[in-house]
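Report on the structure
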Amino acid sequence: MQKIEFNDLGAQYQHLKPEIDQGIADVIAGCRFISGPQVEELEQELCRYTGRKYCVSTSNGTDALLLPLMAWGIGAGDAVFVPAFTFFATAEVVSLTGATPVFCDSDPQTYNMDPKSLEHMIEKTLQEGKLKPKAVIPVDLFGQPADFPAIEPICKKYGLKLMEDAAQGFGGTIHGKKACSFGDVSATSFFPAKALGCYGDGGAIFTDDEELYQLLVSLRVHGKGSFKYDNVRLGLNARLDTLQAAILLPKLRAFDGETEHRNWAADRYAKGIHGKVQTPVLKEGFTSSFGYYTVQAKTPEERTRMIDGLKAAGVPIIIYYPKPLHLQTVYKPLGWKKGDLPVCEHLSETVFSLPMHGYITEEVIDYICNTIQNL
Ligand SMILES: *Cc1c(COP(=O)(O)O)cnc(C)c1O
């Protein structure tokens with residue numbers, strides 16, 4: 001068995017090498033390193049892919065999440081509801097605006113934000129009366145869209161803005177509707193390890209709201225007005241650079257084929273390790289891009305034993321995420337304690353992710369399944 005990669009970016013490059021090399025060469029020859037024509041072309045292709053009207057490409061996924069919060073004027077005294085079981089950036093952007101993240105527990109089957117916990121946290125925040133509920137940021141964790149059919153009505157009921165954190169969701173669907181098209185606005189990341197990744201940092205924002213789109217375009221370049229040196233508000237330097245756009249264009253063309261392959265791999269894993277660990281559960285009508293293949297051991301001790309066994313057999317394993325956000329050191333002042341969000345706390349002690357990418361072979365999957373079966 002050759003060395004097993006968790007996410008084999010080298011295999012993908014070998015597949016797409018001529019187009020990627022040509023794209024990079026074109027950017028260098030054209031010298032339009034910032035806001036070159038490839039950036040606009042990519043934004044149009046991303047709109048076509050997701051079904052959204054407007055796309056604003058960005059410097060990374062974190063800025064893609066931050067800019068809409070800035071556009072909405074969210075700040076001190078506001079509450080923004082986020083899952084506790086996600087990557088730190090989902091909550092970090094809330095804190096960066098001066099607002100307070102309010103953490104919600106996870107659905108024990110899909111690991112996504114539990115709509116019942118969301119409604120409970122909104123009611124609790126209203127009763128306490130210290131913070132004003134403003135927005136919700138559900139995350140499409142591991143590739144499966146969050147439960148938008150349940151969350152959208154809750155946002156309507158309480159008058160809250162809804163932003164989809166699709167950093168891991170790109171390529172998933174709900175009843176055929178694509179990730180990055182849910183809520184008022186969606187943000188994704190093109191970090192290299194994501195299902196659709198570039199060769200550095202990158203991200204994108206999607207919306208159907210023209211007014212919000214115009215604001216985001218301004219905020220992306222230092223709050224520009226009618227031209228670059230007319231500054232009408234505070235913004236960021238949050239552009240996607242042209243090289244990354246040129247790299248993403250051929251990767252986007254290959255994306256559906258790779259997603260199909262990851263779904264095939266997920267099926268094969270599920271058949272091969274069924275009974276030993278809990279395999280991913282998709283909600284009825286939902287599909288996943290399976291950017292990550294995350295399974296759950298029966299107990300924390302069992303997880304340690306399995307990870308040790310897999311690592312000894314040369315299988316790379318990553319734990320997404322070993323510490324839920326409400327228990328992170330930086331959020332100590334918010335007063336959360338262990339036991340507050342029991343489902344996600346249990347997940348953080350029992351889940352682990354197996355190698356997964358668009359070029360993983362049958363041989364590798366079967367080797368990993370056999371290793372798990374014999375543990
Ligand atoms: C990766 C990720 C982000 C941040 O994206 P960057 O491009 O790394 O800034 C935000 N949210 C989630 C859920 C992510 O997985």
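Residues numbered from 1 in each chain as written. Predicted model: local features only at pLDDT ≥ 70, side-chain atom pairs only at ≥ 80, totals over all residues. Heavy atoms only, no water.

With antiparallel pairing, the three strands of this open sheet are ordered in space as β7-β6-β10. The two strands at the open ends of the sheet, each matched to only one other strand, are β7 (177-178) and β10 (286-287). Alignment of strand β6 (residues 173-174) against β7, held across two bridges, turns out to be antiparallel. Bridge pairing links T173 to K178 in β7. (Pairing = 2+ DSSP bridges. Helix = DSSP H or I, 4+ residues; strand = E, 2+ residues; numbered from the N terminus.)

So, on to a nonpolar patch on the surface. Together, I28, F33 and I34 make up an exposed nonpolar region whose accessible area comes to about 280 Å². Positionally, F33 belongs in the loop between α1 (9-30) and α2 (37-50). (Patch = residues over 30% accessible without salt bridge, like charges linked within 9 Å, V, L, I, M, F, W, Y side chains within 5 Å. Areas by Shrake-Rupley, 256 points an atom, 1.4 Å probe, with all protein chains shown as cover. Salt bridge = Lys/Arg side-chain N within 4 Å of Asp/Glu carboxyl O.)

To continue, consider the nonpolar core. The biggest cluster of nonpolar side chains holds 66 residues, and the ones touching the most others in it are F81, F85, F103, L118 and V136. Sorting elements by how many residues they give to this core places helix α3 (residues 61-71) first, with six residues. Residues from two domains meet in this core; each of domain 1 (9-105 + 112-249) and domain 2 (256-373) gives at least three. Those residues in contact with L118, other than ones at most four positions away along the chain, are F81, C104, M113, V136, I151 and I154. The next biggest cluster of nonpolar side chains, apart from the first, holds 24 residues, and it includes A265, M306, I365 and I368. (Core = buried A, V, L, I, M, F, W, Y, C linked by side-chain atoms within 4.5 Å. Buried < 20%, exposed > 50% of the residue type's maximum accessible area, 1.4 Å probe, protein only. Domains from an automatic or database assignment. Contact = heavy atoms within 4.5 Å.)

What follows deals with a negative patch on the surface. A cluster of acidic residues, E152, D184, D209, E210 and E211, forms a negative patch on the protein surface. Within the secondary structure, E211 is located in helix α7 (residues 210-220). Classification of E211 by relative accessible area gives exposed; the value is 67%. (Lys, Arg positive; Asp, Glu negative; His and termini not counted. Charge placed at Lys NZ, Arg CZ, Asp CG, Glu CD.)

Turning our attention to the sheet that holds strand β1 (residues 54-58). Taken in spatial order, the seven strands of this open sheet run β1-β9-β8-β5-β4-β2-β3, and their pairing is mixed. Both edges of this open sheet fall to β1 and β3 (100-104), since each of them pairs with a single strand only. Averaged over all neighbouring strand pairs, the angle between strand axes comes to 30°, with direction disregarded. With five bridges connecting them, strand β8 (residues 185-189) and strand β9 (residues 203-207) associate as antiparallel partners. Within β9, the residue paired with S189 across the bridge is G203. Running at roughly 135° to β3, helix α5 (residues 115-128) makes contact with β2 (78-83), β3 and β4 (132-136) of the sheet. (Axes fitted to C-alpha atoms, helices over the stretch in contact; angles between N-to-C directions.)

Domain boundaries in the chain define domain 1 (9-105 + 112-249) and domain 2 (256-373). Contact with domain 1, which involves 40 residues of that partner, is made by 33 residues of domain 2. Buried area between domain 1 and domain 2, summed over both chains or domains, comes out near 3,000 Å², and the portion from carbon and sulfur atoms is 62%. Summed over the three residues of domain 1 that lose the most area to domain 2, namely F85, D105 and F142, the buried surface amounts to 25% of that side. Summed over the shared surface of domain 1 and domain 2, the number is one salt bridge. A salt bridge links K283 to D147, with the nearest nitrogen and oxygen atoms 3.5 Å apart. There are 17 residue pairs in polar contact (both at pLDDT 80 or more) connecting domain 1 and domain 2. (Buried area = accessible area lost by both parts, 1.4 Å probe. Polar contact = N/O pair within 3.5 Å; in protein donor to acceptor, adjacent residues only side chain to side chain.)

The subject of this paragraph is helix α9 (residues 300-312). Taking 1.5 Å per residue as the helical rise, α9 with its 13 residues ought to reach 18 Å, and the 18 Å between its terminal C-alpha atoms agrees with that figure. Those residues of α9 that sit buried are E302, R303, M306, I307, G309 and L310. What you see down the axis of α9 is that its buried residues fit within an arc of 165°, all on one side. Of the residues in α9, the exposed ones pointing more than 90 degrees away from the buried face are E301, K311 and A312. Buried residues in α9 make contact with α10 (342-350), β12 (351-354) and α11 (362-373). Remark: G314 follows α9 within two positions and exhibits a positive phi of approximately 85°. (Expected span 1.5 Å × (residues − 1). Arc of directions from axis to C-beta.)

On to the environment of L375, then. Structurally, L375 can be placed in the segment after α11. Note on L375: relative accessible area 25%, which makes it partly exposed. For the pair L375 and A179, spaced 196 residues apart in the sequence, the C-alpha separation amounts to 36 Å.

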